[in-house]
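# Breakdown of the fold
Single-letter residue listing:
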Amino acid sequence: MTSRRGFLKAVSGAAVAAYAGYPLRARAADDQPLVVAGKDGMIVRSYRFLDLETPVEYFNNWITPAPHFFVRNHMHEPTTFDSQAWTLRIRGEVEKPLTLNMAGLRKLEKHSLVNTLECAGNGRGLQNPRVPGVQWGRGAVGTARFAGPRLRDLLEQAGVKPGGKHVSFRGLDEVPGEVPPFIRSIPIEKALDADTIVALEMNGAPLPKHNGFPARVLVPGWIGAASCKWLSEISVLEKEFEGNYMNPGYRMPNQPVKPAETVKSEDTHPLTALNVKSLISSPGDGSTLKSRTVHVQGVAWAGEADVTVVEISVDGGATWQPGELGHDQARYAWRLWSYQWKAPKDGEYVLMSRATDSQARTQPPQPVWNPSGYLNNAIDPVRIHVQS
Ligand SMILES: Nc1nc2c(c(=O)[nH]1)N[C@H]1C(S)=C(S)[C@@H](COP(=O)(O)O)O[C@H]1N2
Ligand SMILES: [Mo]
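Each residue is numbered by its place in its chain's sequence as written, counting from 1. All chains are assigned letters beginning with A, and all ligands numbers beginning with 1, in the order in which they are written. Residue-level local features of this predicted model are given only where pLDDT is at least 70; pairs of side-chain atoms are given and counted only at 80 or more, and the full residue set underlies all totals for whole chains, interfaces and linings. Note that the side-chain values use all heavy atoms of the structure and ignore hydrogens as well as water.

Secondary structure assignment for the protein chain yields five helices and 25 strands. With the radius of gyration taken over C-alpha atoms, the globule rule is written as 2.2 Å times the number of residues to the power 0.38. The C-alpha radius of gyration computed for the protein chain amounts to 21 Å, which stays within 12% of the reference 21 Å derived for 388 residues, consistent with globular compactness. A principal-axis box enclosing the C-alpha atoms of the protein chain has dimensions of 70 × 50 × 45 Å. For the protein chain, the residues scored as buried account for 52% of the 388 residues in total. Here a strand is any run of E in DSSP of at least two residues, a helix any run of H or I of at least four, and the numbering for each starts at the N terminus. Each residue is placed in one exposure class: buried if its accessible area under a 1.4 Å probe, protein chains only, is under 20% of its type's maximum, exposed if it is over 50%, and partly exposed if it falls in between.

Nearness is judged by heavy atoms alone; a residue qualifies as near a molecule or strand once a single heavy atom is within 4 Å of it. Lining the immediate surroundings of ligand 1 are 20 residues, of which Phe70, His74, Asp173, Arg216 and Lys229 lie closest. Separating an oxygen atom of ligand 1 from a backbone N or O atom of arginine 72 is a distance of 3.0 Å. Measuring from an oxygen atom of ligand 1, one finds a side-chain N or O atom of arginine 216 at 2.7 Å. Coverage of ligand 1 by the protein amounts to 100% of the 540 Å² it exposes when considered alone. Each residue belonging to the shell around ligand 1 can be placed in one class, and the counts come to 10 nonpolar, six polar and four charged. Throughout this description, a polar contact denotes any pair of N or O atoms lying within 3.5 Å of each other; where both atoms belong to protein, one of them has to be capable of donating a hydrogen while the other can accept it, and for residues adjacent in sequence the pair is counted only when both atoms sit in side chains. Each accessible area value is a Shrake-Rupley result obtained with a 1.4 Å probe; residue values ignore everything except the protein chains displayed when judging cover. For this scheme, ten residues count as nonpolar: Ala, Val, Leu, Ile, Met, Phe, Trp, Tyr, Cys and Pro. Four count as charged, namely Asp, Glu, Lys and Arg, and the remainder, Gly too, count as polar.

The geometry of an aromatic ring pair comes down to the distance between the two centres and the angle between the two planes. To pair, rings of Phe, Tyr and Trp, with the six-membered ring standing in for Trp, must have centres within 6.5 Å; the planes then decide the type, stacked if under 30 degrees apart, edge-to-face if over 60, and tilted in the middle. One pass over the structure, following the stated rule, counts eight aromatic pairs. With 5.2 Å between their ring centres and 70° between their planes, phenylalanine 59 and tryptophan 334 make a pair best called edge-to-face. Within this pair, whereas phenylalanine 59 is found in the loop between β2 (51-53) and β3 (71-72), its partner tryptophan 334 is found in the loop between β22 (324-325) and β23 (335-342), the two being separated by 275 residues in sequence. Of the two residues, phenylalanine 59 and tryptophan 334, neither departs from the other in class, the shared state being buried.

The peptide bond linking asparagine 128 to proline 129 adopts the cis configuration, its omega dihedral lying at -5°. Tracing the sequence through the fold places proline 129 in the loop between β6 (110-118) and β7 (141-149). In this model, serine 282 is joined to proline 283 through a cis peptide bond whose omega is 0°. Among the structural elements, proline 283 can be located in the loop between β17 (277-282) and β18 (287-289). Here asparagine 203, not a glycine, exhibits a phi torsion of approximately 50°, which is positive. Locating asparagine 203 in the fold gives a position in the loop between β11 (201-202) and β12 (205-206). Look at asparagine 203 and you get partly exposed, because its relative accessible area is 28%. Phi at tyrosine 250 takes a positive value of approximately 55°, unusual for a residue other than glycine.

Attention now goes to the sheet that holds strand β5 (residues 98-101). Strand pairing is assigned whenever DSSP identifies at least 2 bridges connecting the two strands. Taken in spatial order, the five strands line up as β5-β4-β14-β8-β9 in an open sheet, and their pairing is mixed. Unpaired on one side and paired on the other, β5 and β9 (183-187) mark the two borders of the sheet. Neighbour-to-neighbour, the strand axes of the sheet open up by a mean angle of 20°, direction not taken into account. Where strand β8 (residues 166-171) and β9 come together, five bridges link them in antiparallel fashion. Residue valine 167 lies in a different strand from β9, and its bridge partner there is isoleucine 186. Contacts from helix α4 (residues 151-158) reach β4 (87-92), β5, β8 and β14 (231-237) within the one sheet, and its direction differs from that of β5 by about 135°. Angles here are taken between N-to-C directions and fall from 0 to 180 degrees, while the axes themselves are lines fitted to C-alpha atoms, restricted in helices to the stretch in contact. By definition, residues are in contact when any of their heavy atoms lie within 4.5 Å.

This next bit is on the pairing of β17. Within β17, five of the six residues are buried, which leaves the element mostly enclosed by the surrounding structure. Pairing analysis gives five bridges linking β17 to strand β19 (residues 293-301), with the strands arranged antiparallel. Residue pairing across strands places isoleucine 280 opposite glycine 298, the latter belonging to β19.

So, on to the nonpolar core. Only buried Ala, Val, Leu, Ile, Met, Phe, Trp, Tyr and Cys residues count toward a nonpolar core, and they belong to the same one when joined by side-chain atoms within 4.5 Å. Membership of the largest hydrophobic core comes to 29 residues, with the highest contact counts inside it found for Ile90, Leu105, Leu154, Phe169 and Ile234. Those elements that provide at least two residues to this core are β4, β5, α3 (102-107), α4, β8, α5 (188-191) and β14. Each residue touching leucine 105, except ones within four places of it in the same chain, is listed here: Trp86, Leu88, Leu100, Pro149, Leu154, Val198 and Leu200.

Moving on to the pairing of β5. If a strand is regular, its side chains alternate between the two faces of the sheet. In β5, alternate side chains face the same way, and those of Leu98 and Leu100 are buried while those of Thr99 and Asn101 on the opposite face are not. The pairing of β4 with β5 spans four bridges and is antiparallel. Paired with threonine 87 across the two strands is asparagine 101, which belongs to β5.

Below, the discussion takes up the sheet that holds β23. Reading across the sheet, the four strands line up as β17-β19-β23-β22 and stay open at both edges, with antiparallel pairing between neighbours. Each having just a single partner strand, β17 and β22 make up the two edges of the open sheet. As paired elements, β22 and β23 share two bridges and run antiparallel to each other. Bridging across to β23, leucine 325 finds its partner in tryptophan 337.

Another aspect to go through is the side chain of aspartate 380. Residue placement: aspartate 380 occurs in the loop between β24 (347-357) and β25 (382-386). Of note is the side chain of aspartate 380, whose polar atom sits 2.4 Å from the side chain of arginine 138.

Here you go:
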């Protein structure tokens, strides 16, 4: 937890001025976890490199509007956004290294898909004991329609050599000081998948700056970190990229570990697809309801798998009833869900939602603790007070 004083020290002066569009508006008392509301009601988790979280009550649409889409930056966003001068290089284990420009990319067939993007660290701040990193609550997730050419069409133009087994991406973000650049790779199979694209558009408009303008990779169903923003270079590699953001970053222990244990690198694996997970967007945690008729709603997603059922509990997890899934659906996209409930009497209730997917995965009651707080998909309790 960051105290108010600590926070004000951290963001005083330059950082605040740099993000003048994100004024400080609301904050908790000194002993409370820091919550700063920014532009469009977004929660500011970091100003140094902009990290914006979506308040859960915004998750009542299948498509998240761009101003409400979370932002996760590891470094400074690029300062120039000239899509005319912008080029994308393809190099490495290819027959014919290429440099494409925007016009070249627009000539390729456009593929469009709705994808739920979630940061691997979403829910990190809810892990106990606390681990270092951005203390995300629940809202480092969102769903958008992404469109652009298929990565495989680009790779086919360049001609992947038989030895090409992984594909790495580099963006134009500005690397501060000693920090290594944000480069990660994905296996060639996922790179050649018909749904992996170089996205030029989000929700029918050019990508917003914060979300990777003019181009980003979109690796559907996988952790957000796979989808490199401000894309400038694609390299075909013989083996997985070796760098900070592949190892030790974004890895999960093969076996559960306890907080004090150290984990050897060889006992870990890189994160790929997202977990099964759900959230209650309404009613809000801690809210008082004036009616006993309660409309519970939220979202549920499962990465590369499909959500099969969302169950709701109104008694703190003792009993569960199936909710109703929304009509909007697409592979890799979350489902809206809802549940109508009549509270038998006034009082305090604990609501929970629990999603299960086509791989028979279901949400655990408690976070599966890990040293970097990744993929927290624990069932989340929402406390309400009914006072009709
Ligand atoms: N170049 C670049 N790409 C990046 C990042 C970054 O810092 N630099 N952050 C990654 C992470 S960790 C996530 S979760 C997603 C977030 O995408 P968004 O900011 O569009 O929500 O972008 C990924 N792509
Ligand atoms: Mo992330």
